[in-house]
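Residues per chain, in single letters:
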Amino acid sequence: MSNTVLTETVFSTFDTVKYEGPSSEKALAYRWYDANRIVMGKPLKEHLRFAVAYWHSLAMQGGDPFGSSTIPRPWFEAGDPMAQAKVKADAAFELFRVLDLPFFCWHDADIAPAGDTLAATLKNFHTMVDYVEEKMRNYPTKLLWGTANMFSHPRFMAGASTNPDPEVFAWCAATVKNCMDATQRLGGSNYVLWGGREGYETLLNTNMKQELQQMGRFLTLVVDYKHKIGFKGQILVEPKPKEPTAHQYDFDVATVYSFLKQFGLEKEVRVNIEANHALLAGHTFEHEIATATALGFLGSLDINRGDALLGWDTDQFPNDLWSMTMSMYHVIKGGGLTQGGCNFDAKVRRQSFTPEDLIHAHIGGADLCARAFLTAAKLIEDGRYDKILADRYAGWKKPEAAAILEGKYSLDEIAALALKNNIDPKPRSGKQEQIENFLAREIYSDKF
Ligand code: XUL
Ligand code: CO
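Residues numbered from 1 in each chain as written. Chains lettered and ligands numbered in written order. Predicted model: local features only at pLDDT ≥ 70, side-chain atom pairs only at ≥ 80, totals over all residues. Heavy atoms only, no water.

Okay, the packing of helix H11 (residues 285-295) against helix H12 (residues 321-333) next. Where H11 contacts H12, the axes come no closer than 8 Å and their chain directions differ by 5 degrees. In terms of their interaxial angle, H11 and H12 are classed as roughly parallel. Where H11 approaches H12, its residues Phe285, Glu286, Ile289, Ala290 and Thr293 are matched on the opposing element by Ser323, Met324, Met326, Ser327, His330 and Val331. Counted by class, the contact of H11 with H12 contains six nonpolar, four polar and one charged residues. (Axes fitted to C-alpha atoms, helices over the stretch in contact; angles between N-to-C directions. Helix = DSSP H or I, 4+ residues; strand = E, 2+ residues; numbered from the N terminus. Parallel < 35°, antiparallel > 145°, perpendicular 65-115°, else oblique. Contact = heavy atoms within 4.5 Å. Nonpolar A, V, L, I, M, F, W, Y, C, P; charged D, E, K, R; others polar.)

The protein atoms that coordinate the cobalt ion (ligand 2) are Glu238 (OE), Glu274 (OE), Asp302 (OD) and Asp345 (OD), at distances spanning 1.9 to 2.1 Å. In this structure, the cobalt ion (ligand 2) is surrounded by six donor atoms whose angles at the metal cover 80 to 174 degrees, and the resulting shape is octahedral. Each donor residue of the cobalt ion (ligand 2) belongs to the same chain, and together they define the spacing E-x35-E-x27-D-x42-D. Taken together, the residues span a long stretch of sequence, with Glu238 in the loop between strand E8 (234-237) and strand E9 (247-248) and Glu274 in strand E10 (residues 269-274) at a distance of 36 residues. Judged by its relative accessible area of 2%, Glu274 is buried. (Donors = N, O, S within 2.8 Å, 3.2 Å for Na, K, Ca; no water. Tetrahedral: all angles 85-135°; square planar, octahedral: opposite > 155°, others 65-115°. Buried < 20%, exposed > 50% of the residue type's maximum accessible area, 1.4 Å probe, protein only.)

Turning our attention to the side chain of Thr175. Positionally, Thr175 belongs in helix H7 (residues 166-185). Judged by its relative accessible area of 7%, Thr175 falls in the buried class.

Reading around the circumference, E3-E4-E5-E6-E8-E10-E11-E12 is the order of the eight strands in this closed barrel, with parallel pairing throughout. Sheet topology note: the strand E3 (residues 50-53)/strand E4 (residues 103-107) ladder contains three bridges and is parallel. The residue of E4 that forms the bridge with Ala53 is Cys105. (Pairing = 2+ DSSP bridges.)

Here we take up the site of ligand 1. Lining the immediate environment of ligand 1, one finds Trp55, His107, Trp145, Trp194, Glu238, Lys240, Glu274, His277, Asp302, Asp313 and Asp345. Within the side chain of His107, one N or O atom sits 2.7 Å away from an oxygen atom of ligand 1. Within the contact set of ligand 1, an oxygen atom lies 3.0 Å away from a side-chain nitrogen or oxygen of Lys240. Starting from 290 Å² of accessible surface for ligand 1 in isolation, the protein chains cover 95%. Looking at side-chain class alone, the shell around ligand 1 contains three nonpolar, two polar and six charged residues. (Near = heavy atom within 4 Å. Polar contact = N/O pair within 3.5 Å; in protein donor to acceptor, adjacent residues only side chain to side chain. Areas by Shrake-Rupley, 256 points an atom, 1.4 Å probe, with all protein chains shown as cover.)

Fair warning: the whole summary comes from geometry, so function is off the table for now.
Below is the structure:
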């Protein structure tokens with residue numbers, strides 16, 4: 001069977017999915033994701049910058065800890081590993097065409113197979129980067145980010161940059177250098193580091209101080225290399241508290257910030273926040289986004305959800321309208337995604353093994369985020385919600401209070417002020433239920 005036939009069998013028979021509006025009867029249509037609709041001065045697609053995750057959409061075959069593959073992807077039967085990688089890339093770009101979403105993301109291991117040596121692995125990788133570059137000339141899809149898979153191979157089982165063996169650190173340096181070169185060559189907007197094995201399974205065999213030093217050195221080297229090659233993208237760290245390790249060092253947004261501060265990298269590195277990683281850390285997605293915008297280092301989003309009943313990383317397509325609307329609200333308030341985007345980082349369930357399931361999944365996720373974004377923009381333009389917040393903190397606009405915040409008074413001077421003013425502050429309602437009812441009316445409204 002030729003490559004073309006394999007690709008055609010999977011996605012080429014599908015028409016490109018179009019926006020048809022909320023009342024469309026057609027299953028494979030966008031109802032909310034009207035890519036070219038102008039919102040706050042620019043098209044929706046430029047706010048959301050959706051990206052298809054190469055790994056979950058093309059490389060994942062439905063295996064879980066209790067069962068093997070359930071998802072037949074024909075490229076895995078297309079000859080030797082390099083031939084398979086090429087057919088997979090052909091299929092990938094046809095999927096991007098069908099979905100008509102502007103970006104994609106990869107790990108090195110998703111687009112090219114490993115060889116017997118480091119040199120052979122890098123050779124395969126660059127051959128496939130050439131192939132992907134050629135594909136990108138023929139399709140409009142751009143690269144949101146590249147990253148390195150430094151967690152699947154047994155070599156990384158005790159850590160990537162945090163490994164007790166410096167040879168593994170050096171292997172990682174070679175891998176990331178080449179992945180950054182490739183990301184730059186393909187015009188990527190960001191380079192991501194997720195520390196899947198940067199943590200520990202047991203503290204009993206772990207020198208945490210040593211490992212954190214290694215991780216800080218590694219990230220510093222990555223930032224230096226970015227400047228050396230003139231890469232214009234953002235360097236992003238993706239927080240996650242656990243899984244696969246029992247404890248990961250990039251626990252959550254706040255932990256990443258203090259780590260960056262320790263190594264003087266807080267102006268150089270931003271965060272790629274994933275919805276379910278927030279949940280695993282005991283937070284909400286909107287909490288993590290609000291933390292990043294408060295600290296001024298929001299980079300990009302992975303929008304997959306988890307399952308609160310399961311508590312592990314199920315990587316499902318998003319469907320929580322409330323949480324996504326409030327997340328988008330904080331994104332817009334924080335200045336938008338700029339060079340970042342919304343990477344799905346989601347996979348279909350193992351029973352959803354048809355190509356059509358994959359298309360439905362992306363449509364649902366894109367529609368949910370689009371609707372959430374439209375509501376968030378409407379909330380901000382309307383101004384009533386912001387006014388509730390502004391009123392709550394209005395006291396801090398008074399000159400004396402503003403001077404306190406600017407550091408013009410010492411603790412004893414403020415104590416003297418409190419005595420002089422002699423005001424006994426009265427409790428005020430936090431209005432939570434009022435706010436919830438107001439937001440529910442806006443979020444579940446069908447007027448757009
Ligand atoms: C793992 C995860 C990764 C990163 C990239 O939980 O989210 O897919 O996004 O390595
Ligand atoms: Co992710």
